[in-house]
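For reference, the chains in residue letters:
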Amino acid sequence: GQILVLKHAEITEGTDFNTVHLVFEDAKGNEIYARTASKAIENSVRRLLNNGLNNGKKFRLCVSTTSNKFHTKTYVFVSPSVCEKVK
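Residues numbered from 1 in each chain as written. Predicted model: local features only at pLDDT ≥ 70, side-chain atom pairs only at ≥ 80, totals over all residues. Heavy atoms only, no water.

Chemist: Quick rundown of the sheet that holds strand 2 (residues 19-25)? Include the residues and the values.
Modeler: Strand order in the open sheet made by the five strands is 3-2-1-4-5, with antiparallel pairing throughout. Of all strands in the sheet, those with a lone pairing partner are strand 3 (31-36) and strand 5 (73-77), marking the two edges. Taking each pair of neighbouring strands and ignoring which way they run, the sheet shows an average axis angle of 45 degrees. Where strand 2 meets strand 3, six bridges bridge the pair, whose relative direction is antiparallel. Counterpart to Phe-24 in the pairing with strand 3 is Ile-32. (Pairing = 2+ DSSP bridges. Helix = DSSP H or I, 4+ residues; strand = E, 2+ residues; numbered from the N terminus. Axes fitted to C-alpha atoms, helices over the stretch in contact; angles between N-to-C directions.)

Below is the structure:
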């Protein structure tokens, strides 16, 4: 597992579905941009926004990496215990 820091998030409301836009930072300080329509991620992001995300508060998230069908690196959210084991 790898820890990414969620720095910023926005939810764009659409007629058929909402889109969640995320900005992460990795351990080297590189910014990673992501977008999803997952309802579970949207609900989690709404809770984080209510807890201070975008108002100076950042959150650590544990991810695992995999390769998708286009052979590019893909991040998958995993349980925090996966990152704790790696430390």
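Chemist: Explain the environment of Thr-74 to me, using residue names and the numbers behind them.
Modeler: As for its placement among the helices and strands, Thr-74 is situated in strand 5. For Thr-74, a relative accessible area of 25% translates into the label partly exposed. Thr-74 sits 40 residues away from Ala-34 along the chain, and the two C-alpha atoms are 10.0 Å apart. Within the structure, the side chain of Thr-74 is placed 3.4 Å from the side chain of Asn-68, a separation counted as a polar contact. (Buried < 20%, exposed > 50% of the residue type's maximum accessible area, 1.4 Å probe, protein only. Polar contact = N/O pair within 3.5 Å; in protein donor to acceptor, adjacent residues only side chain to side chain.)

Chemist: I'd like to hear about the state of the cysteines, residue by residue, with values.
Modeler: Inspection of the entire model under this criterion finds one disulfide. There is a disulfide in this structure between Cys-62 and Cys-83, and the S-S distance comes to 2.0 Å. Handedness of the Cys-62-Cys-83 disulfide follows from its S-S torsion of about 95 degrees: it is right-handed. With a gap of 21 residues between them, Cys-62 in strand 4 (residues 59-67) and Cys-83 in helix 2 (residues 80-86) connect regions that are remote in the sequence. This pair shows no difference in class: Cys-62 is buried, exactly as Cys-83 is. (Disulfide = S-S within 2.5 Å.)

Chemist: Which residues make up the packing of aromatic side chains, and what values go with them?
Modeler: All told, the structure shown has one aromatic pair when counted by the stated rule. Ring centres 6.1 Å apart and planes at 55 degrees place the aromatic pair Phe-24 and Phe-77 in the tilted group. In this pair, Phe-24 sits in strand 2 while Phe-77 sits in strand 5, placing the two residues 53 residues apart along the sequence. A residue is classified by how much of its surface remains accessible, and Phe-24, at 4% relative accessible area, is buried. (Phe/Tyr/Trp six-rings, centres within 6.5 Å; stacked < 30°, edge-to-face > 60°.)

Chemist: Pulling in residues and values, what's your account of unusual backbone geometry?
Modeler: The backbone of Asn-54 shows a phi angle near 80 degrees, a positive value even though the residue is not glycine. For His-71, which is not a glycine, the phi torsion comes out positive at approximately 60 degrees. Classification of His-71 by relative accessible area gives exposed; the value is 70%.

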